[in-house]
Structures are given as structure tokens and as C-alpha cells.
Amino acid sequence: MDGTTWRKLGAADLPALAGLAEAALAADGGLPLLTTPPLLRARLLQPRTLGAWHGGDLVAAVSVGADRAPVTACGLVHPAWRGRGVGSRLLDWAGEQAGDAGLLLTTETWTAGAEALFAARGFTRTFLEWVLRHDLDALPDVAAPDGVTVEPATLGPELFGAYRASFADRPGFVEPTAEEWLGDLRDDEDYRPELSLVARGPDGDAAGFVTVLDTWIDQVGVVPGWRGRRIGAYLVAHVLRGLAEAGADAAWLCVNDDNPAAGLYRRLGFREAGRRARYLCR
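All values derive from a computational prediction rather than experimental measurement.

Would you take a moment to explain the overall build of the chain for this structure?
Helices and strands together make up the secondary structure of the chain, namely eight helices and twelve strands. In terms of its C-alpha atoms, the chain occupies a principal-axis envelope of roughly 70 × 40 × 30 Å. Across the 282 residues of the chain, 50% fall into the buried class. In the chain, the share of contacts with a sequence separation of at least 24, taken over all contacts with a separation of at least 6, comes to 70%. Side-chain charges in the chain split into 28 positive and 37 negative, and the spacing between the mean points of these groups amounts to 5 Å.

Here's what the structure looks like:
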């Protein structure tokens, strides 16, 4: 690593961080939002940072949080600089910052090589999620389930109730308050109320829902008594058509690797665009 300099990163380095993220995403796939300033700040400009520079180019970066235990960290190594010990140097530094508090790593651009390095250092993967993309030049045709209608969702108790009923039986579900869940949607400048939908059965009760942020399908849920009747597929297909009509060229979503819904999304035409993961070492 001759000629490499290491220093703290700051807001002025956002363009360099974006370039590093773009290089990693081009090689590995992953969460494309990583190149945007809000996520770059959240992931790579936490209170403690370290960047590696060579010839004026940022070739690696890591940041470590300071307000929780385990301590959170996120890092990137440029594809051309892998296999030179840079990733190990980033892990060493992050571990020193964490001390005895434990370390939770987040990667938005998963690679098998990084996972092998983390495993060798005693980290256990706690989360793995697929990033899926749907090009909107070809749309799935899903017939409306018998007796089911859809309408724009209203941010209120009914929508939260549909969310809670849809997800309460999932392993590890932690229920937020209605104010928290609805407030997160209400405060998100990317929330698309015209594309976020509630599906209703013949009795008028909510049977499922979908929420949309920009071109991302944020959450899809089906109330237990209505599962297996194509409601999720119909809601997603409805959103894809709405996004296409609004001029989008692609739709995105993330799904846990052990979620059966991943199969549904692939049948609807979504394709893998990378993975993201978390790893814990105590």
C-alpha cells in the first residue's frame, strides 16, 4: 500500500464517497441508493471515519457510529484495491473504535469475498436481503382477485392495522406504534400516496396493502385470511403499471433472502441486482 494516505473524512468528501460507492455497485450490485447523499452520510459519514487515498483517489472508507451498542460500522473498498489488505486494515480500525461494545457491520454491496473475511474475523451474518429490479418495458398482467378492489391508501389507523395484521406472524416482528409507522411514511419526501394502495374484500375490510417510496415498492402485506388469492401479486402489478405510466423506467424492492415472497416477485419479472447484509461480532 505504498503511496496510500489515510485520513478522517468529512462532508467535502461526499463526491469522492459517491464515486467509491458507484465503483463498488458496478462490480458487485447492491443498494443503488448508496450513491445518494442521505445514505452516504448515514453509512459512511458517521462520527468516526477513516479514508484511504492514492494518487488523489479515494480507494477505501469506513465509518463507525458512537451512540449505541453494539457499535455500528460500514465500509467500502474499491474493486481494484481488493486483496491488498485494505479491508483488513478497515476492520482493525473499526474494531479499535468499538472496543468492548461489539461491532455490527452493514454492507450495502454484498460480496462473497467480504463475507469470507468477516467470517474469518469472527463475525456472524444476522441479515441478508436481495435487491431486485423490474424494468418497466414489460409489465405483468395479473387479474383482479374475485371481489377485490383497490384504492389509494390513507395514512391512518386502517392502513396501520393492515400492516400489523400482515406482519405480526413473521419471525422477529417488532411492532412499532401507529404514530411511529405512519409518521415515517408521512415525513418521507419520497412517499407516493397516489401509488400506495389498500386492497378491500367484498365486505369492505382491508385485505392487503402496498406502500411506495419514489420508484421503490416499500412494503407489501396481505392479511392472513386473504393469503393465497393473488392479492400481493395484484397490488404489485398495479404499482408497476402506475410507475410506468408516471414515466419511470424501473421499479425496485428489497426482500429478505428467506422470505417466500421473493419467489412471487421473481415470477412477476423482478431480477436480482445485488444483495445487502449485516454482520455481528461481540
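Can you help me understand the pairing of strand E3 (residues 57–64) in this one?
The two faces of a sheet get side chains in turn, since along a regular strand they alternate between them. In terms of residue burial, E3 counts as a mostly covered element, since seven of its eight residues are buried. When strand E2 (residues 48–54) meets E3, the two strands line up antiparallel, connected through seven bridges. In the strand pairing of E3, Ala 52 is matched with Ala 60. Where E2 hands over to E3, the hairpin turn is made up of two residues, of which Gly 55 adopts a positive phi near 60°. Where E3 lies against strand E4 (residues 71–77), five bridges are found, and the strand directions are antiparallel. Residue pairing in the sheet places Ala 61 in a bridge with Leu 76 of E4. Taking the residues between adjacent antiparallel strands as the criterion, E3 and E4 are bridged by six residues.

Looking at this structure, how should I read unusual backbone geometry?
A cis amide bond links Ala 69 to the next residue, Pro 70, at an omega of 0°. Of note in the backbone geometry, Asp 214 takes a positive phi value of approximately 55° without being a glycine. Tracing the chain through its elements places Asp 214 in the loop between strand E9 (206–213) and strand E10 (216–222). In this structure, Arg 230 takes a positive phi of about 70° despite not being glycine. Inspection of the secondary structure puts Arg 230 in the loop between E10 and helix H7 (231–245). Since its relative accessible area comes to 45%, Arg 230 is described here as partly exposed.

I'm lost on helix H5 (residues 157–167) in this one. Help?
An α-helix turns once per 3.6 residues; consequently, residues spaced three or four apart project the same way. Every buried residue of H5 is accounted for by Leu 159, Phe 160, Ala 162, Tyr 163, Ser 166 and Phe 167. Looking straight down H5, one finds that the buried residues subtend no more than 155° of arc, so they occupy a single side.

Can you help me understand the packing of H5 against helix H6 (residues 178–187) in this one?
Working note: a packed helix pair is described by the angle between its axes plus the distance between those axes. Where H5 meets H6, the closest approach of the two axes is 10 Å, and the angle between their N-to-C directions is 105°. When the axis of H5 is compared with that of H6, the two are roughly perpendicular. Listed contacts from H6 to Pro 157, Leu 159, Phe 160 and Tyr 163 of H5 are Ala 178, Trp 181 and Leu 182. Class assignment of the residues belonging to the contact of H5 with H6 gives a composition of seven nonpolar, no polar and no charged.

Help me out: how do you make sense of a negative patch on the surface in this one?
Taken together, Glu 179, Glu 180, Asp 184 and Asp 187 make up a surface patch of like negative charges. Relative to the elements of secondary structure, Asp 184 occurs in helix H6.

Even after reading the chapter, I still don't get the pattern of salt bridges, so can you show me in this structure?
Close approach of charged atoms allows side chains of opposite charge to pair. A full pass over the atoms with the stated rule returns 14 salt bridges. Ionic pairing is found between Arg 125 and Glu 115, a salt bridge with its closest N-O pair at 2.9 Å. Of this pair, Arg 125 sits in strand E6 (residues 124–135) while Glu 115 sits in helix H4 (residues 112–120), placing them ten residues apart in sequence. Here Arg 125 falls in the partly exposed class, since its relative accessible area comes to 37%.

How should the side chain of Thr 211 be read in this particular structure?
When you line up the elements, Thr 211 lands in strand E9. Discounting chain neighbours no more than four positions away, the residues touching Thr 211 are Leu 185, Tyr 191, Ser 196, Trp 216, Ile 217, Asp 218 and Gln 219.

What counts as what
- Residues numbered from 1 in each chain as written.
- Predicted model: local features only at pLDDT ≥ 70, side-chain atom pairs only at ≥ 80, totals over all residues.
- Heavy atoms only, no water.
- Helix = DSSP H or I, 4+ residues; strand = E, 2+ residues; numbered from the N terminus.
- Buried < 20%, exposed > 50% of the residue type's maximum accessible area, 1.4 Å probe, protein only.
- Contact = heavy atoms within 4.5 Å.
- Lys, Arg positive; Asp, Glu negative; His and termini not counted.
- Charge placed at Lys NZ, Arg CZ, Asp CG, Glu CD.
- Pairing = 2+ DSSP bridges.
- Arc of directions from axis to C-beta.
- Axes fitted to C-alpha atoms, helices over the stretch in contact; angles between N-to-C directions.
- Parallel < 35°, antiparallel > 145°, perpendicular 65-115°, else oblique.
- Nonpolar A, V, L, I, M, F, W, Y, C, P; charged D, E, K, R; others polar.
- Patch = residues over 30% accessible without salt bridge, like charges linked within 9 Å, V, L, I, M, F, W, Y side chains within 5 Å.
- Areas by Shrake-Rupley, 256 points an atom, 1.4 Å probe, with all protein chains shown as cover.
- Salt bridge = Lys/Arg side-chain N within 4 Å of Asp/Glu carboxyl O.

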